[in-house]
Amino acid sequence: MRETLKQLRSIVGNDGFITDLSTAETLLNDQRGLYVGHAAAIVQPRTTAELAKAVRLCVDAGIGVVPQGGNTGYCGGATPDESGTEVLFNLSRMARVIEIDKDGFSMTAQAGVTLAAAQQAAAKHQLLLPLSMGSEASCQLGGNVSTNAGGLAVLRYGTTRELVIGLEVVLPDGRVWSDMKGLRKDNTGYDLKQLFIGAEGSLGIISTVQLRLYPMPNSRITAWLSISNLAAAVTILGLLRKELGDCITSFEYISREALAMVVRSIPGCRNPIDTTEDHHALVELSAFGDDAALNVEFEQVLMGGIEQGVIGDAVIAQTEEQRLAFWKLREMIPSAEKQLGGSVKHDVSIPISELCSYTEDASIAMKASFPNCGLSIYGHVGDGNLHFNVLPPEHEESDVYLRGNSVAISDLIHSMATGRNGSFSAEHGIGKLKRDTLEKLGDPVGLELMRQIKATIDPRGLMNPGKVL
Ligand code: FAD
Ligand code: 2HG
Ligand code: ZN
């Protein structure tokens, strides 16, 4: 091991090699505080060539390799195990935007570019990288691709998978596989890049990504609605889509309880509508052309919703500051949960026609089996994806409650989701956290195929060991 570490240092240089792990807690532990990892070393390569050399060296020496981006993932996928024998590959120094192709509407960037930096680089050219989420200041493109991240604009632009047009990947044996032609159409056999999207670093380390960009819309409307329940949210979404089509970019549901937590614990947050009874939806539209005309059409649909009784009240953001304040109410929910003692998190997707009945049934089941627990339900209704998070009862010691009940709570929520043809992980992946759940609830034939693919690409099982499968 000592000799391998020496060689690793010579590949990535002193400034890319961390052995004083006492200073690296934030890299060794996952961001939710579920796992404490140890590592033989942390390496931070700068180039694909360095990365490939370093991976090959580790694998030849039988050392497990753990890829890490911004370490914002929810499932412990970027955390090394407790043995202290794995090497953590942190990609933060591979942070160069290589090219923006204005005519081809695409971006090529090293995998360690943060999502926010990539959005800004595109915006300088009046182009839109539509991927967006609460963690965007820290998460990296390689992490986004590896988790096939969803986020706040999937309704209009799709998940990360739909944005990826090229990838370069360092394979476990150190070979570099590259498909960076950026072609819209290419039917020459299997589309291998799809394998690495959402693989959570279990098949290789993504070193470069090529992403589709969009023209920057020139008008945007953001509204905060009060609504009676989740069913009303689904109805309003249907009305909006029917009347306004594809310009609906985001449609987020925020339950009364989730909003109350934010207002209670995050300074400066307040409900724009004077009600504590209702649930809420945050809607964003974006389009090209006449702002005023879109406003009129949107207001008509809102008025129709109010007349039908599915919308209680609506406020349209008049300034960018107000728009950001609406978004803050939504994006701060995870922080509020954390501040108030944590939650058992879930990330389910259900066919949209069954989303409401699922939520009702799961809420009843929770209250029956876990008396006095709280529920923080919110999320990407437009994608059929809800975060159905369960809070410890007030007056209970949160840590003790979460430790004692998380598994049973999640088992119930997850099996109710898969029982309705839903998914127990719509956007956050499997990592270490949901590996056993995948084993239990996954399709056996599908799991067998996944194992065969893993064994073909990573026969020694050294690429992110113990994650996903
Ligand atoms: P990491 O956490 O570092 O890694 C995640 C996984 O990808 C690990 O398995 C890791 O091994 C692997 N990986 C990382 N980089 C590479 C690489 N270059 N090559 C191969 N494998 C790699 N997720 C959503 O989908 N939607 C949301 O709306 C959303 N909101 C969030 C809000 C907050 C406040 C937080 C904290 C998280 C949120 N997330 C969300 C989860 C998380 O931000 C995403 O999963 C993100 O894509 C992870 O990127 P990362 O760079 O932090 O990856
Ligand atoms: C979001 O949509 C994220 O805000 C995080 O996916 C969800 O913290 C959560 O439960
Ligand atoms: Zn989410």
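Residues numbered from 1 in each chain as written. Chains lettered and ligands numbered in written order. Predicted model: local features only at pLDDT ≥ 70, side-chain atom pairs only at ≥ 80, totals over all residues. Heavy atoms only, no water.

**Some details on the packing of aromatic side chains**
Then comes step 1: Applying the stated criterion across every chain, the model contains four aromatic pairs.
Then comes step 2: Between Trp 224 and Phe 326, the aromatic rings sit 6.1 Å apart at their centres with planes inclined by 45 degrees, giving tilted as the arrangement. Highlighted residues: Trp 224 in strand β12 (residues 219–227) and Phe 326 in helix α12 (residues 320–331), separated in sequence by 102 residues.
Then comes step 3: Taking the relative accessible area as the measure of exposure, Trp 224 reaches 0% and is therefore buried.
Then comes step 4: Since its relative accessible area comes to 2%, Phe 326 is described here as buried.
Then comes step 5: Taking NZ or CZ as reference, Arg 32 lies 5.6 Å from the ring centre of Tyr 74, over its face. (Phe/Tyr/Trp six-rings, centres within 6.5 Å; stacked < 30°, edge-to-face > 60°. Helix = DSSP H or I, 4+ residues; strand = E, 2+ residues; numbered from the N terminus. Buried < 20%, exposed > 50% of the residue type's maximum accessible area, 1.4 Å probe, protein only. Lys NZ or Arg CZ within 6 Å of the ring centre and 35° of its normal.)

**Side note on the sheet that holds strand β18 (residues 385–391)**
Then comes step 1: In spatial order, the strands read β15-β12-β14-β13-β17-β18-β16; together these seven strands make up an open sheet with antiparallel pairing. A single partner strand is all that each edge strand has here, and the edge strands are β15 (311–316) and β16 (348–349).
Then comes step 2: Here strand β17 (residues 374–380) runs beside β18; their pairing, made up of seven bridges, is antiparallel. Bridged to His 380 within β18 is Asn 385.
Then comes step 3: Relative to β12, α12 is tilted by about 50 degrees, and along the sheet it contacts β12, β13 (248–254), β14 (279–287), β15, β17 and β18.
Then comes step 4: Each of β16, β17 and β18 touches helix α14 (residues 355–369); the most contacted strand, β18, lies at about 10 degrees to it. (Pairing = 2+ DSSP bridges. Contact = heavy atoms within 4.5 Å. Axes fitted to C-alpha atoms, helices over the stretch in contact; angles between N-to-C directions.)

**A closer look at the packing of helix α1 (residues 2–12) against helix α3 (residues 48–60)**
Then comes step 1: Relative orientation of the contacting elements α1 and α3 amounts to 175 degrees, with a least axis distance of 9 Å. Comparing the axis directions of α1 and α3 gives the class roughly antiparallel. On α3, the residues that touch Thr 4, Gln 7, Leu 8, Ile 11 and Val 12 of α1 are Glu 50, Lys 53, Ala 54, Leu 57 and Cys 58.
Then comes step 2: Taken together, the residues of the contact of α1 with α3 break down into six nonpolar, two polar and two charged. (Parallel < 35°, antiparallel > 145°, perpendicular 65-115°, else oblique. Nonpolar A, V, L, I, M, F, W, Y, C, P; charged D, E, K, R; others polar.)

**Quick notes on helix α10 (residues 256–265)**
Then comes step 1: All of the buried residues along α10 are Ala 258, Leu 259, Met 261, Val 262 and Ser 265. Projection of α10 onto a plane perpendicular to its axis shows the buried side chains occupying an angular sector of 155 degrees, all on one side. (Arc of directions from axis to C-beta.)

**Considering the packing of helix α9 (residues 230–244) against helix α11 (residues 291–308)**
Then comes step 1: Viewed as axis vectors pointing N to C, α9 and α11 meet at an angle of 145 degrees, and their least axial separation amounts to 10 Å. In the packing of α9 onto α11, the handedness of the crossing is right-handed. Contact residues: α9 offers Thr 235, Leu 239, Leu 240, Glu 243 and Leu 244, while α11 offers Glu 297, Phe 298, Val 301, Gly 305 and Gln 308.
Then comes step 2: Taken together, the residues of the contact of α9 with α11 sort by class into five nonpolar, three polar and two charged. (Left-handed = near helix turned anticlockwise from the far one by under 90°.)

**Comments concerning the site of ligand 2**
Then comes step 1: Taken together, Tyr 74, Arg 330, Pro 334, Lys 345, Tyr 378, His 380, His 387, Asn 389, Glu 427 and His 428 make up the full set of residues adjacent to ligand 2.
Then comes step 2: Between an oxygen atom of ligand 2 and a side-chain N or O atom of His 380, the distance comes to 3.0 Å.
Then comes step 3: Burial of ligand 2 by the protein amounts to 87% of the accessible area it has alone, namely 300 Å².
Then comes step 4: Mapped onto the shell around ligand 2, the elements with two or more residues apiece are β17 and β18. (Near = heavy atom within 4 Å. Polar contact = N/O pair within 3.5 Å; in protein donor to acceptor, adjacent residues only side chain to side chain. Areas by Shrake-Rupley, 256 points an atom, 1.4 Å probe, with all protein chains shown as cover.)

**Some details on the side chain of Ser 219**
Then comes step 1: Assignment of secondary structure puts Ser 219 in strand β12.
Then comes step 2: Among the residues examined, Ser 219 registers a relative accessible area of 2% and is labelled buried.
Then comes step 3: Those residues in contact with Ser 219, other than ones at most four positions away along the chain, are Leu 285, Ser 286, Ala 287, Phe 288, Gly 289, Asp 291 and Leu 294.

**Brief notes about the sheet that holds strand β2 (residues 41–43)**
Then comes step 1: Within the open sheet, the four strands sit side by side as β1-β2-β4-β3. Their pairing is mixed. Two strands lie at the open edges of the sheet, namely β1 (17–18) and β3 (65–68), each paired on one side alone.
Then comes step 2: Sheet analysis places β3 next to strand β4 (residues 87–90), joined by four bridges and oriented parallel. Residue pairing in the sheet places Val 66 in a bridge with Leu 88 of β4.
Then comes step 3: In the packing of α3 onto the sheet, the strands contacted are β3 and β4, and the crossing angle to β4 comes to about 165 degrees.

**Some thoughts on the pairing of strand β8 (residues 164–170)**
Then comes step 1: With seven of seven residues buried, β8 is to be regarded as a mostly interior element.
Then comes step 2: Bridging between β8 and strand β10 (residues 205–212) involves six bridges; their strand directions are antiparallel. Looking across to β10, one finds that Leu 167 is bridged to Val 209.
Then comes step 3: Summarising the sheet, β8 and strand β9 (residues 176–179) pair through four bridges and their orientation is antiparallel. Each residue of the ladder has a partner; that of Val 170, found in β9, is Val 176.
Then comes step 4: Between β8 and β9, which pair antiparallel in sequence order, lie five residues; one of them, Gly 174, sits at a positive phi of approximately 90 degrees.

**Some points on unusual backbone geometry**
Then comes step 1: Residue Gln 126 is not a glycine yet carries a positive backbone phi of 60 degrees.
Then comes step 2: Residue Gln 126 is classed as exposed on the basis of its relative accessible area, which comes to 55%.

**Overview of a nonpolar patch on the surface**
Then comes step 1: Side chains of Tyr 190, Leu 192, Leu 195 and Ile 453 sit close together on the surface and give an oily, nonpolar patch of about 400 Å² of accessible area.
Then comes step 2: With respect to the element layout, Leu 195 can be found in helix α8 (residues 193–196).
Then comes step 3: The partly exposed category is assigned to Leu 195, whose relative accessible area is 30%. (Patch = residues over 30% accessible without salt bridge, like charges linked within 9 Å, V, L, I, M, F, W, Y side chains within 5 Å. Salt bridge = Lys/Arg side-chain N within 4 Å of Asp/Glu carboxyl O.)

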